[in-house]
Amino acid sequence: MTTHTLSHGRVTWTNIVQATAEDIQQLSLRYPHFHPLNLADCRAELEFPKLDHHDEYLFLVAQIPVWDENEHIYRPSEVDIFIAYGPLVTSHQVDLEPLTRLFSQLTAGESKRRETMG
């Protein structure tokens, strides 16, 4: 399990790789308005893509293609996204290179954080 948090202005991005029950519990305490079923989806193996609209946030389940070098095919990999006024939470079971790269870029440079998260 890996949880990283990055803040700029009013935006706080929490990125979780391989969410544990403890990670989900911490999210539910930090953001009590997140629905328990949406939080449970973060621990599920593979959910169908969906968009749930709540009064205080959006919850999105998306499938990202990930290259399987052994089989030479793309396989779906899930990313769960909570979008609210301020918090952004992403949760995924495998290391998704585009998310990891963006998070690293934002961590490394204030100007990139200002441009992307401002």
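So, how was this worked out
Residues numbered from 1 in each chain as written. Predicted model: local features only at pLDDT ≥ 70, side-chain atom pairs only at ≥ 80, totals over all residues. Heavy atoms only, no water. Axes fitted to C-alpha atoms, helices over the stretch in contact; angles between N-to-C directions. Helix = DSSP H or I, 4+ residues; strand = E, 2+ residues; numbered from the N terminus. Parallel < 35°, antiparallel > 145°, perpendicular 65-115°, else oblique. Contact = heavy atoms within 4.5 Å. Nonpolar A, V, L, I, M, F, W, Y, C, P; charged D, E, K, R; others polar. 1 Å grid on protein atoms, 1.4 Å probe; cavity = no way out; pocket = protein on both sides within 12 Å on 5 of 7 lines; lining within 4 Å. Points joined across faces, edges and corners; volume = space filled by probe spheres on them. Pairing = 2+ DSSP bridges.

(A) The packing of helix H3 (residues 97–108) against helix H4 (residues 110–117), seen in detail. The contact between H3 and H4 brings their axes to 5 Å, and the two run at 120°. If you check the angle between H3 and H4, you find them oblique. Of the residues in H4, those in contact with Gln 105, Leu 106, Thr 107 and Ala 108 of H3 are Glu 110, Lys 112, Arg 113, Thr 116 and Met 117. Of the residues assigned to the contact of H3 with H4, the class counts are three nonpolar, three polar and three charged.

(B) Region of interest: the layout of surface pockets. Empty space within the largest pocket amounts to approximately 210 Å³. Pro 76, Ser 77, Glu 78, Gln 93 and Val 94 are, among the 17 residues lining the largest pocket, the residues nearest its centre. A per-element tally of the lining of the largest pocket places strand E5 (residues 73–84) first, with five residues. Class assignment of the residues belonging to the lining of the largest pocket gives a composition of seven nonpolar, four polar and six charged.

(C) Region of the structure containing the sheet that holds E5. Pairing within the open sheet is mixed, and its six strands lie in the order E1-E2-E6-E5-E4-E3. Only two strands of the sheet have a single neighbouring strand rather than two, namely strand E1 (2–8) and strand E3 (50–53). Adjacent strand axes in the sheet meet at a mean angle of 15°, parallel and antiparallel pairs treated alike. Pairing geometry for E5 and strand E6 (residues 87–92), over five bridges, is antiparallel. Across the sheet, residue Asp 80 finds its bridge partner in E6, namely Ser 91. Here helix H1 (residues 21–30) sits on the sheet in contact with E1, strand E2 (11–17) and E6, set at roughly 160° to E2. Most of the contacts of H4 go to E1, to which it runs at about 80°, and overall it touches E1 and E2.

(D) Geometry of the pairing of E3. Bridge count between E3 and strand E4 (residues 57–68): four bridges; the pairing is antiparallel. Directly across from Lys 50, in E4, lies its bridge partner Val 61. Hairpin connection between E3 and E4: a loop of three residues separates the two successive antiparallel strands.

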